[in-house]
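Coordinate inspection notes
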Amino acid sequence: MEVLRVCLYSLFALNALGTTRGQQTPPNSFPHAWPGQPKGEYSPEWQPYFEVTNALPGIPSSSLPRSFAGNIPVNRPGHPNDTLFFWGFERQGANGTLTAPADEHNTDPWILWLQGGPGSSGLLGLSTENGPIHVLSNGSWVVNPYSWNTLADTIWIDQPVGTGLSTADTKGYVADEDQMAEDFLGFLSNLVKVFPSLATRPLYLTGESYAGTYIPYIAKHLFAQQPSIVNLRKIAIGDGSLGSLATIRDLPVINIIETYPAIIGYDQDVFNYFREQHHLCGFDLNLTYPQNGTFPTLNLTQGLRQTLGSTTTAERVFTSWKESLFTEYIARHEGSSRAPESADRLRRRAEWKRDLSGRANGTIDPWYGCDVFDEMWDYAVNFTFPWTNGGVDVYDIPDATNPEPPKDAAPFLNDPRTRAALHAPTSKNWSSSFNYPFGSVYNKSIGNEHGDPSVEPVAFLTDLATNATARNVSIIFYSGNDDSQVQHRGTEVVIQNFTFGGIQGFTRKPSTPWFDDDGNFAGIVHQERNLTYLLFVGAGHLVPEWKPRQALVFLREFVLGSNPNGTVEGTTVVGGENATLAGDYLPGGNEIFYGSAKTEGTSTVPSATIAAWNSFIATAIASVTPVPSNTTSSTTTTASDASSSTPPSGASNAAVRMVQLCGISLCQWTVLAIAGLLLHS
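Residues numbered from 1 in each chain as written. Predicted model: local features only at pLDDT ≥ 70, side-chain atom pairs only at ≥ 80, totals over all residues. Heavy atoms only, no water.

Focus: unusual backbone geometry
A negative phi angle characterises most non-glycine residues, just as the trans form characterises most peptide bonds. Here is the rule: Runs of H or I in DSSP of at least four residues are treated as helices and runs of E of at least two as strands, each being numbered from the N terminus. Any residue under 20% of the maximum accessible area for its type is buried, any over 50% is exposed, and the rest in between are partly exposed; the area is computed with a 1.4 Å probe on protein chains only.
Following Gly117, the chain continues into Pro118 via a peptide bond in cis, with omega recorded as 0 degrees. Inspection of the secondary structure assignment puts Pro118 in the loop between strand E3 (110-114) and helix H3 (122-128). A cis amide bond, omega -10 degrees, links Gln226 with the succeeding residue Pro227. Considering the arrangement of structural elements, one finds Pro227 in the loop between helix H5 (211-223) and strand E8 (231-238). Phi is positive for Asp239, close to 45 degrees, though the residue is something other than glycine. Examined against the element boundaries, Asp239 turns out to sit in the loop between E8 and helix H6 (245-250). For Asp239, a relative accessible area of 0% gives the class buried. Here His423, not a glycine, exhibits a phi torsion of approximately 55 degrees, which is positive. Among the secondary structure elements, His423 is positioned in the loop between helix H13 (416-421) and strand E11 (433-434).

A look at the pattern of salt bridges
Under the convention used in this document: We define a salt bridge as a contact between a side-chain nitrogen of Lys or Arg and a carboxyl oxygen of Asp or Glu at a distance within 4 Å.
Counted according to the given criterion, the structure contains 17 salt bridges. Glu577 is the salt-bridge partner of Arg508, the closest N and O atoms lying 2.8 Å from each other. On the criterion of sequence distance, the pair formed by Arg508 in the loop between strand E14 (503-504) and strand E15 (512-515) and Glu577 in the loop between strand E19 (572-573) and strand E20 (591-594) is long-range, its members being 69 residues apart. For Glu557, the salt bridge goes to Arg556, with nearest N and O atoms at 2.7 Å. In this structure Arg556 comes out as partly exposed when scored by relative accessible area, which is 33%.

Digging into the pairing of E15
The cut-off we apply is this: Two strands qualify as a pair provided that DSSP identifies no fewer than 2 bridges between them.
For E15 and strand E16 (residues 521-528), the ladder comprises 4 bridges, and the chain directions are antiparallel. Directly across from Phe515, in E16, lies its bridge partner Phe521. As consecutive antiparallel partners, E15 and E16 are separated by 5 residues, and within that stretch Gly519 has a phi angle of approximately 85 degrees, a positive value.

A few points about the packing of aromatic side chains
Rules: We call Phe, Tyr and Trp rings a pair once their centres come within 6.5 Å, taking the six-membered ring for Trp, and we label the pair stacked below 30 degrees between planes, edge-to-face above 60, and tilted otherwise. Only lysine NZ and arginine CZ atoms are considered, and such an atom sits over a ring when it is within 6 Å of the ring centre and within 35 degrees of the ring normal.
Counted by the stated rule, this structure contains 34 aromatic pairs. For the ring pair Phe385 and Tyr594, a centre distance of 5.2 Å and an interplane angle of 70 degrees mean the geometry is edge-to-face. With Phe385 in the loop between helix H11 (372-383) and helix H12 (410-413) and Tyr594 in strand E20, the pair connects residues that are 209 residues apart, well separated along the chain. Owing to a relative accessible area of 41%, Phe385 belongs among the partly exposed residues under this scheme. A relative accessible area of 22% means that Tyr594 is categorised as partly exposed. Grouped by ring-pair contacts, the aromatic residues Tyr42, Trp46, Tyr49, Phe50, Phe68, Phe86, Phe184, Phe187 and Phe195 constitute a single cluster. Positioned over the ring face of Phe460 is Lys220, at 4.6 Å from the centre of the ring.

This is the structure in structure tokens:
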């Protein structure tokens, strides 16, 4: 009966695959003209219209500074309903900073915040990270004392067009990142007409995750514009998608495990397995300071598992921006024939390890290929408590709650009273994230894993840095140490693989500590030749959510300010260098928390286990022979060369592998094979 049930489950999944391969039509939306909307071109006369004067449900109006919100067109010919939604707050304690007249002597900074995704709303950051109001898990709202607008006028943007409360017609979604950037510049040109002081005041362009792709493209297009419509001073990118999927997600897997060995239960045999796979896939790159040559192109060799593809290419709207990846892992866990009982889990883990010991050394796993990131989390979900409870948050490793505490801004933002107050569209409801249809189609077989055909920013970061330095624009990359989806090792590889200030990469390894206002260790900082890099200890992907106080210090000192800590000056570094921070990884915490919609317990590890692991890992690291840099040619990983569809050797043994790993039935294997044929026909 169990075999039949799983077989039917697999057939259902295959049927779902077939039904979603047809073309889907992206939603059509358009801005709403609320009472009092001016006629004619954008100008300061629009300020009273965009001002948020109506009461916001559940939020005392006296607790917030003045704000302005609404949709502004991107000026794309033939698409008048393509707009971006903004919600901007004046600096706390100020009055009239956004509405100030044009004045080239006005040096008050202003901030733009972009979310990632692609397809995630900037209002997600406003409502859970660095905005003035935050939604709690019980649905209530509170004022955030660490909002970024406590230091400067800050505007949160929903972009690209069609994201969040931004609008787009069914054929108006961006085709690629160059069109995204042109749209953004069109929006900015209208925004500065409404708020003229913004044209000359110093702009700090910030964002996280896939904004690591958006922001370099926007900066590239701004640099090409003469004269520029804004005065860009710095760009700051957190946990950014700067390189290929292989670079930002799979390459750091060993670093992730070293940071949180609890993922594999501190199992030394499992670590050695992943280290071997890591080496065979060419992910153990040798970072030197200064870097000697560029890195070889990373080929993300696909395993047989990849022939299944995604079970949906149609539009999906998520109540939480992390739901898509969370759903992927949990569906795989619950849809397999692997039982959650402890005895059965231990038996299958033993079978999995015997399979590893019996497989010839020097061969890439035929099922996963080089997707070692997914294999790592599959292992945790199946064999390591508390992730075996079903909770996986790839954006914050210690969080194994299932489900996570809900922080859903949708009821508030879709409330008719809020909609009217924010001059939001009535043609759509707000959602935190959705599957962005590049080129107005849902087709992830084009370009990268998101269907984005654009080259990754790493391909032009050298040119971007050159232009930035010429214009006195600084670049900041920062990462949360608890993030696994876009782990800091990938960012460090990107930094060492491009040239800025005439030299490739940093000349010294980042190892300078930085501290918050209470003197607590906050992470690592390093600054050279107009480029700053920070690592936040104890923060996941959403740095301002997990470390709000430290994120505000970072904003004040390193983004808006010019704190020299970590700066290389000749043969010395301001703030000194700490040898204990000079390793390839910064150890994470020893606790993993779990529960249902709240933290109900924490999983800790005996000190003896940790001591044994530390002794083992010191020896293991010393024996590594990393992949050298390429000193004869300059290669970068792009969307077109980041993967290989050729399965690795040993594919004929994949059925045996799956029997041992998953208890997979012959029927299931047949279905998988059929799915592979369909996808490659």
